[in-house]
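# Secondary and tertiary structure notes
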Amino acid sequence: MNTALKNDSEIYEILELETNRQKNKLELIASENFVSPAVLEAAGSVLTNKYAEGYPGRRYYGGCEYVDMAENLARERLKKLFNAEYVNVQPHSGSQANMAVFMTLLKPDDKFMGLSLAHGGHLTHGSPVNFSGKLYQATGYELNKDTRVLDYNIIQDMAKKEKPKMIIAGASAYSREWDYKNLRLIADSIGAFLMCDMAHPAGLIAKGLLNNPLPYCDVVTSTTHKTLRGPRGGIILIGKDSENPFGIRTPKGDRLRMMSELFDSTVMPGIQGGPLMHIIMAKAVAFGEALTVEFEKYAKQIIRNAKTLSDKLIEFGFDIISGGTDNHLMLIDLTNKNITGKQAENSLGAAGITVNKNMVPFDKRSPFVTSGIRVGTPAVTTRGMKEEEMIKIAEIINDAVNNFEDEKKLEQLKNDVKELCSGFPLFSEKN
Ligand SMILES: Cc1ncc(COP(=O)(O)O)c(C=O)c1O
């Protein structure tokens with residue numbers, strides 16, 4: 001570990017504690033991952049010292065010749081990864097990437113429509129406590145009550161009734177595929193913009209394992225730190241005109257230039273100042289890794305692991321929303337297990353498994369208690385775990401949930417988890 005920090009013993013201790021937590025516990029939070037040593041090195045590099053307001057070749061500061069090279073590489077690699085025509089790698093977070101889209105495509109008080117938070121959407125898709133719900137008129141579409149999957153008839157009917165100026169695809173807690181083509185048709189039927197927030201499945205989309213929203217959406221946003229396995233941050237992308245089968249809504253030929261200028265200027269100076277050049281370099285490293293064949297194997301394993309975990313949990317009588325998963329996560333409704341999401345999060349935590357409590361569709365409990373948990377496989381897959389380990393994890397989850405008030409049992413499971421983790425070392429060269 002970095003020894004320079006040893007001079008600040010209070011901080012060094014925190015770093016050691018967190019490092020050990022990550023090493024010895026099973027990370028099943030669907031939005032988390034472990035970056036490679038190369039990404040970590042770039043994120044902790046001297047590029048943190050550099051101010052570089054503006055964009056490569058047009059900065060407000062001198063001395064930007066090398067950070068320009070880093071940002072250009074990040075942009076080129078990202079374009080290649082998703083076959084994009086335009087990208088912006090500067091948003092500090094996924095929320096800021098989304099804010100940039102709102103501020104570019106909508107005026108305050110305009111109406112938009114996203115998947116309701118209680119059904120798997122994200123805060124920035126219209127929650128009343130977020131800018132998206134405070135500055136704009138948010139309406140949320142919901143899942144089908146019987147199947148608990150997206151129902152495009154519901155979305156179409158709601159779009160016709162509400163006439164939003166923008167429709168958002170994408171979610172934080174939805175385990176099934178998205179039909180972007182259908183959403184494009186719905187958006188076109190009311191003249192709305194279509195954006196996709198692919199923050200969660202981006203790494204799987206990059207390798208062609210899930211539908212790619214770029215050909216169908218006016219704009220796509222993502223975080224870089226979930227399945228993409230990069231540093232914390234956001235990105236904005238636009239697909240190629242030639243691939244958009246449904247026509248172009250802004251002036252032909254000038255579309256890209258106009259959209260790029262609009263998005264670039266909303267990000268900086270609109271909502272951000274200086275870009276985090278160390279993070280942009282780390283994004284470039286992560287995109288480079290995501291372009292490799294190894295990453296494809298990794299992404300495929302994430303999905304295989306999620307399916308195995310979900311199948312085994314179903315065997316144990318867990319109610320997986322929609323009956324399974326197409327991606328890296330699953331949402332578990334614990335109502336039939338007589339335990340709340342909050343209790344499960346605590347008991348699994350005591351057993352060394354980190355998850356987050358999560359509302360389930362049509363949940364009657366508050367977001368602070370919830371009836372479910374969200375579970376994902378990107379982080380454990382990065383450790384090298386495969387189907388065999390997923391079966392063990394399902395057994396431990398089952399044991400912890402069935403004995404959620406038995407401290408002795410949870411302590412025993414914590415040791416099992418520690419032993420399982422010790423076979424899959426983290427932060428080693430293999431990452
Ligand atoms: C779908 C989606 N969009 C956006 C975000 C926000 O990302 P950030 O936490 O970087 O602001 C998240 C984070 O979990 C997310 O799940």
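Criteria and thresholds
Residues numbered from 1 in each chain as written. Predicted model: local features only at pLDDT ≥ 70, side-chain atom pairs only at ≥ 80, totals over all residues. Heavy atoms only, no water. Helix = DSSP H or I, 4+ residues; strand = E, 2+ residues; numbered from the N terminus. Rg over C-alpha atoms; globule rule 2.2 N^0.38 Å. Buried < 20%, exposed > 50% of the residue type's maximum accessible area, 1.4 Å probe, protein only. Contact = heavy atoms within 4.5 Å. Patch = residues over 30% accessible without salt bridge, like charges linked within 9 Å, V, L, I, M, F, W, Y side chains within 5 Å. Areas by Shrake-Rupley, 256 points an atom, 1.4 Å probe, with all protein chains shown as cover. Salt bridge = Lys/Arg side-chain N within 4 Å of Asp/Glu carboxyl O. Lys, Arg positive; Asp, Glu negative; His and termini not counted. Charge placed at Lys NZ, Arg CZ, Asp CG, Glu CD.

### Description of the overall build of the protein
Within the protein, the regular secondary structure consists of 15 helices and 15 strands. Its C-alpha atoms give the protein a radius of gyration of 22 Å, near enough to 22 Å, the size a compact globule of 431 residues would have. Over its C-alpha atoms, taken along the principal directions, the protein stretches across nearly 65 × 55 × 40 Å. Expressed as a percentage of its 431 residues, the buried residues of the protein come to 55%. Within the protein, contacts between residues at least 6 apart in sequence are counted, and of these 72% link residues at least 24 apart.

### A closer look at unusual backbone geometry
The omega angle of the peptide bond from M268 to P269 is 15 degrees, so this bond is cis rather than trans. One non-glycine residue with positive phi stands out, namely D109, at about 80 degrees. With respect to the helices and strands, the residue D109 is situated in the loop between α4 (94-105) and β5 (111-115). Residue classification places D109 among the exposed positions, given a relative accessible area of 52%.

### Section: the side chain of S347
Following the sequence through the fold, S347 ends up in helix α12 (residues 341-350). On the accessibility criterion, S347 (6% relative accessible area) is buried. Not counting the four nearest positions on each side in its chain, S347 is found in contact with A400, F404 and L410.

### A closer look at a negative patch on the surface
Judged by side-chain charge, D8, E10, E13 and E16 come together as a negatively charged surface patch. Residue position: E13 is located in helix α1 (residues 9-24).

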